[in-house]
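The lines below spell out each chain.
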Amino acid sequence: MTMISESVEDEDKWVAEGIAGLQHNAFYMHRALDSNNLRDALKYSAQMLSELRTSRLTPHKYYELYMRAFDELRKLEMFFKEETKRGCSIIDLYELVQHAGNILPRLYLLCTVGSVYIKSKEAPAKDVLKDLVEMCRGIQHPVRGLFLRSYLSQISRDKLPDIGSEYEGDADTVMDAVEFVLQNFTEMNKLWVRMQHQGPAREKEKREKERSELRDLVGKNLHVLSQIEGVDLEMYKETVLPRVLEQVVNCKDELAQYYLMDCMIQVFPDEYHLQTLETLLGACPQLQPTVDIKTVLSQLMERLSNYAASSPEVLPEFLQVEAFSKLSNAIGKVIEAQVDMPVVGAITLYVSLLTFTLRVHADRLDYVDQVLGACVKKLTGKSKLGDNKATKQIMALLSAPLEKYNDIETALKLSNYPCVMDYLDDGTNKVMAVVIIQSIMKNTTCISTADKVEALFELIKGLIRDLDGTSIDELDEEDFKEEQNSVARLIHMLYNEDPEEMLKIICTVRKHILQGGPKRLPFTVPPLIFSALKLVRRLQGQDGDVVGEEMPVTPKKIFQLLHQTIEALSAVPSSELALRLYLQCAEAANDCDLEPVAYEFFTQAFILYEEEIADSKAQVTAIHLIIGTLQRMSIFGVENRDTLTHKATGYSAKLLKKPDQCKAVYACAHLFWVDDQDGIKDGERVLLCLKRALRIANAAQQMANVTRGSSGPVTLFVEILNKYLYFFEKGNPQITSSVIQGLIELITSEMQSDNTISDPSADAFFTSTLRYIQYQKQKGGAMGEKYEPIKV
């Protein structure tokens, strides 16, 4: 650390000394300029420029010194220009400066006078420039030579014999300008590359950093070339590009090759790149294996993509030059040539090519599939990708078509799409599957054929079943639920108007989700069941076979499929969910007028209740679901209905807790009096249910009195009273005003008992019920007359 700080301090001291020496001599140079003393001006300017001969500074610090000298040289150039106006011969001046003692100051002065010489037009610009560029060969020290030639480039860029320029010469004028810039570029690149091979091997990294700081000096030549008016496509193709590429390839230097290729792509027009694509790409496999060619090619493809997007008129050019084919072949050759290229590098190239293809040839799915196929070929023989960077690139490759087409159906047409996806590790495979589902949801894409569903479910198989023996218990619970919910949402997006095709879709989904295992089925079976029930509703009214069709689609056939599917769920076990689904199917069968089917679904629901549902709370929920569904059934004959209602009332009375028993039993009263079914109005059995509920409520009160020493709240009695009032209003002859009066008095007595626990909510409920009775009495009419005998 101390040595580094000392080195920095030394360099700061050296640059300060150099600047001080430069300023000292510049001061005397200015005095000579003010007194028009040419000889002293040359003397002190040469001494000033001698400061640039130092070898002690890094390029960054040398640049500071150079810029100070550059500013002074601009003033000296103005002085030389004035001298020629005062009668000094520019040719003599050009000869005079060449007598400077040291070569570096001599060449800086020569370039400065050369600038004035060209402006004077006493000699053709091409001759002066040729002389200067040749003279500069005298400096072979890399840093000093680079800055000298950079100075030459700067002072000459507005004096090139270009078309339309005041320095334009004969017919080959543009060629002269190009030749000068190319020669200067070639010599600068040689100096720049040579830096890498000077000094000890341990300082290689330091030299690379220093070279990187100097790269713009070399690249400016290419920028100057691109600005020459006369460099049209023909000249670029025939002269500029081959000469530059020759220098790039032959220098065999990683940093130079990468930078110069990138620089070329950035400075020359997109149209030129398109028309010379084969030549430009032909150089890529010849570059050093360590060159980051993927970035260079990616930037080229990005520029060409932007060019294609700029105007529809340029698209035919891309087809004419077969841009995709050339890029694809070049990438293949680069990957083949760079045998040590990591997988991530190759995939990155294919991502760039795919991006280019989707922007330029979006209508050519065969091109898109070709890119994916090339990627598969590269990955063949490799196991699942474990490299995070490579995995991200594969994700980018797979996401690009989804983002472009906003339609998963298009991606499903790509035969190589699932092959690429197979190389993702299980975790990333799931992430990609979720991305696919999100794309479908976002674009509300309806997948409408069984074949497409099959292809889609193969893509998202990582969410549907365990891959490679991965234990589902290792997964994060929240993530797992979200994944399975996304699959459930997807199932609702599968639809076809044709019932036969829709049934094929349902069968395809069923085949896949039944492989999901016990933890997945509770998420994925319900949406499948409801999707099938939607189809049943559409086919409502059909039953039996349809003559002449190979695969008739009838509600009966679908119900058979549903029965088998729910059986798989009940075996998981997920009994409560299976029971709910059986009841949903029973209700649908009722609407389709299929009594045996509906009865079978109810039978299965009762079997599940008896054999699988042991938890008391779950039993309460289940029995109320059964009662509610059975109440809505209108299809059953007397015998079947009696069997089912008998079962329901029997199970209600056997619930563990007395209050639960009471509520279930009075709910069963509704099974014997259904308003919209004329045949189901059995007032006597309604009364029996209510009386039974009242006895259970009374037993609950007595049990509470025994166990706690006080009765429970009267809520159950008030609830039963409300049931009495309901059936009283519906016209049940067995429910009379005297029965209701007796129940009101019972409740009042219970509430006033010392043993009864006061419950504000129960009190409020009873008060509200009495207020309702009073309201009906006051309202009058037929209902008011019915309520009149009741005293509250």
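As the structure is a computational prediction, the values presented were derived from the model and not from experiment.

Peer 1: Looking at this structure, how should I read the overall build of the protein?
Peer 2: Each helix and strand in the protein was counted, giving 38 helices and zero strands. What you see for the protein is a C-alpha radius of gyration of 46 Å, clearly larger than the 28 Å of a compact globule of 792 residues, by over 25%. Taken along the three principal axes of its C-alpha coordinates, the protein extends 140 × 70 × 55 Å. Looking at the protein as a whole, 51% of its 792 residues qualify as buried. Long-range pairs, those at least 24 residues apart, make up 72% of the contacts in the protein with a sequence separation of at least 6. Total accessible area on the protein is roughly 36400 Å²; 49% of this is exposed by carbon and sulfur atoms. Here the protein carries 89 positive and 113 negative side-chain charges, and the mean point of each set is 3 Å from the other.

Peer 1: What should I look at first to understand the pattern of salt bridges in this one?
Peer 2: Between side chains of opposite charge, pairing is possible as soon as their charged atoms come close. This model, assessed by the stated rule, comprises 29 salt bridges. Lys461 is paired through a salt bridge with Glu458; the nearest N and O atoms lie 3.9 Å apart. Accessibility expressed as a relative area gives 31% for Glu458, which makes it partly exposed. For Glu477, the salt bridge identified is with Lys519, shortest N-O distance 3.3 Å.

Peer 1: Which parts of the structure should I look at to understand helix H26 (residues 499–513)?
Peer 2: Given 3.6 residues per turn, any residue in an α-helix points the same way as the ones three and four places further on. Relative to the 21 Å expected for 15 residues at 1.5 Å per residue, H26 spans 21 Å between its end C-alpha atoms, a close match to the ideal helical length. For H26, the full list of buried residues reads Glu501, Met502, Leu503, Ile505, Ile506, Thr508, Val509, Arg510, His512 and Ile513. Against helix H23 (450–459), helix H24 (461–464), helix H25 (477–491), helix H27 (521–538) and helix H28 (555–570) lie the buried residues of H26.

Peer 1: Sorry, what's going on with the environment of Arg207 here?
Peer 2: Note that Arg207 resides in helix H9 (residues 204–227). Separated by 183 residues in the primary sequence, Arg207 and Ala390 have C-alpha atoms spaced 31 Å apart. With sequence-adjacent residues up to four places away left out, Arg207 is seen in contact with Met195, Gln196, Gln198, Gly199, Pro200 and Ala201.

Peer 1: In this structure, what is going on with the packing of aromatic side chains? I would like to understand it.
Peer 2: Remark: the centre distance and the inter-plane angle together describe each pair of aromatic rings, the angle taken between the planes. Evaluation of the coordinates by the stated rule reveals 27 aromatic pairs. Seen in terms of ring centroids, Phe559 and Phe601 are 5.7 Å apart; in terms of plane orientation they differ by 65°. Their pairing is edge-to-face. Here Phe601 lies in helix H30 (residues 595–611) and Phe559 lies in helix H28, a separation of 42 residues in the sequence. Each member of the pair, Phe559 as well as Phe601, is classed as buried. Here Tyr599 and Phe636 contribute two aromatic rings whose centre-to-centre distance is 6.2 Å and whose plane-to-plane angle is 85°, an arrangement assigned as edge-to-face. Here the residue Tyr599 occupies a position in helix H30, and Phe636 occupies one in the loop between helix H31 (616–632) and helix H32 (638–653), the gap between them amounting to 37 residues. Owing to a relative accessible area of 23%, Tyr599 belongs among the partly exposed residues under this scheme. By relative accessible area, Phe636 is classed as buried at 9%.

Peer 1: Honestly, the packing of helix H8 (residues 173–194) against helix H10 (residues 233–251) in this entry has me stumped. Any pointers?
Peer 2: In contact at an axis separation of 10 Å, H8 and H10 are set at 10° when each is read in the N-to-C sense. With respect to their mutual orientation, H8 and H10 come out roughly parallel. For the pair formed by H8 and H10, the contact residues are Val174, Met175, Val178, Glu179, Leu182, Phe185, Thr186, Asn189, Lys190 and Val193 on the first element and Met235, Thr239, Val240, Arg243, Val244, Gln247 and Cys251 on the second.

Peer 1: When you look at the state of the cysteines in this model, what are you seeing that I'm missing?
Peer 2: When the sulfur atoms of two cysteines share a covalent bond, that bond is a disulfide. Summed over the entire model, instances satisfying the criterion amount to zero disulfides. Lacking any disulfide linkage, Cys375 is separated from the closest cysteine sulfur, that of Cys419, by 11 Å. When its relative accessible area of 30% is taken as the criterion, Cys419 is described as partly exposed.

Peer 1: Would you explain the nonpolar core in this entry?
Peer 2: Proteins that are soluble and globular tend to have nonpolar side chains buried together. By size, the foremost hydrophobic cluster in this structure holds 273 residues, and its most contacted members are Ile436 and Phe559. If one sorts the elements of this core by residue count, helix H17 (residues 343–360) sits on top with 12 residues. Those residues in contact with Ile436 that lie beyond four places of it in its chain are Leu402, Ile408, Tyr417, Met421, Leu456, Leu459 and Ile460.

Peer 1: What am I meant to see in helix H5 (residues 103–120) here?
Peer 2: Here H5 spans 25 Å end to end across 18 residues, near enough to the 26 Å set by a 1.5 Å rise per residue. Within H5, 14 of the 18 residues are buried, leaving the element largely enclosed by the surrounding structure. At the C-terminal side of H5, Lys121 shows a positive phi close to 60°.

Peer 1: What is the right way to look at the environment of Ala700 in this model?
Peer 2: Mapped onto the elements, Ala700 comes out in helix H34 (residues 683–708). Other than its neighbours up to four places away in sequence, Ala700 contacts Lys658 and Leu716.

Peer 1: Help me understand unusual backbone geometry in this model?
Peer 2: Glycine aside, a negative phi is what most residues show, and trans is what most peptide bonds show. Not every positive phi belongs to a glycine, and Glu322 is a case in point at roughly 55°. Structurally, Glu322 is set in the loop between helix H15 (315–320) and helix H16 (323–337). At Thr444, a residue that is not glycine, the phi angle is positive and equals roughly 40°. Examined against the element boundaries, Thr444 turns out to sit in the loop between helix H22 (426–442) and H23.

Peer 1: Just to check I follow, could you spell out the confidence of the model for the protein for this structure?
Peer 2: Caution is warranted with low-pLDDT regions, since their predicted coordinates should not be read in detail. When pLDDT is averaged across the protein, the result is 88; 95% of the residues are at 70 or more. Long-range and interchain partners of residues 1–6, a stretch whose pLDDT sits below 50, account for zero contacts in this model, where long-range means more than four residues apart. Predicted confidence for residues 543–550 stays below pLDDT 50, and this span has six contacts to residues more than four positions away or in other chains.

Peer 1: Whenever I open this one, the packing of H25 against H27 confuses me. Can you help?
Peer 2: Interhelical geometry of H25 versus H27 gives an angle of 15° and a closest axis separation of 8 Å. What the angle tells us is that H25 and H27 run roughly parallel. Two packed elements cross with a definite hand, and for H25 against H27 that hand is right-handed. On H27, the residues touching Phe480, Lys481, Gln484, Asn485, Val487, Ala488 and Ile491 of H25 are Phe523, Thr524, Pro527, Leu528 and Ser531. In terms of residue class, the contact of H25 with H27 is built from seven nonpolar, four polar and one charged.

Peer 1: Mind showing me how you'd approach the side chain of Asp162 here?
Peer 2: By secondary structure assignment, the location of Asp162 is in the loop between helix H7 (142–156) and H8. In this structure, Asp162 is buried with no salt-bridge partner, the nearest side chain bearing the opposite charge being Arg157 at 11 Å. Within the structure, the side chain of Asp162 is placed 2.6 Å from the backbone nitrogen of Glu229, a separation counted as a polar contact. Apart from the residues within four sequence positions on either side, Asp162 is in contact with Glu168, Thr173, Val174, Gln227, Ile228, Glu229 and Gly230.

Peer 1: Whenever I open this one, the environment of Leu132 confuses me. Can you help?
Peer 2: One can find Leu132 in helix H6 (residues 125–135). In sequence terms Leu132 and Arg149 are 17 residues apart; their C-alpha atoms lie 9.5 Å from each other. The contacts of Leu132, once residues within four sequence positions are left out, are Tyr94, Leu110, Cys111, Gly114 and Leu152.

Thresholds, definitions, all that
- Residues numbered from 1 in each chain as written.
- Predicted model: local features only at pLDDT ≥ 70, side-chain atom pairs only at ≥ 80, totals over all residues.
- Heavy atoms only, no water.
- Helix = DSSP H or I, 4+ residues; strand = E, 2+ residues; numbered from the N terminus.
- Rg over C-alpha atoms; globule rule 2.2 N^0.38 Å.
- Buried < 20%, exposed > 50% of the residue type's maximum accessible area, 1.4 Å probe, protein only.
- Contact = heavy atoms within 4.5 Å.
- Areas by Shrake-Rupley, 256 points an atom, 1.4 Å probe, with all protein chains shown as cover.
- Lys, Arg positive; Asp, Glu negative; His and termini not counted.
- Charge placed at Lys NZ, Arg CZ, Asp CG, Glu CD.
- Salt bridge = Lys/Arg side-chain N within 4 Å of Asp/Glu carboxyl O.
- Expected span 1.5 Å × (residues − 1).
- Phe/Tyr/Trp six-rings, centres within 6.5 Å; stacked < 30°, edge-to-face > 60°.
- Axes fitted to C-alpha atoms, helices over the stretch in contact; angles between N-to-C directions.
- Parallel < 35°, antiparallel > 145°, perpendicular 65-115°, else oblique.
- Disulfide = S-S within 2.5 Å.
- Core = buried A, V, L, I, M, F, W, Y, C linked by side-chain atoms within 4.5 Å.
- pLDDT = per-residue confidence, 0-100.
- Left-handed = near helix turned anticlockwise from the far one by under 90°.
- Nonpolar A, V, L, I, M, F, W, Y, C, P; charged D, E, K, R; others polar.
- Polar contact = N/O pair within 3.5 Å; in protein donor to acceptor, adjacent residues only side chain to side chain.

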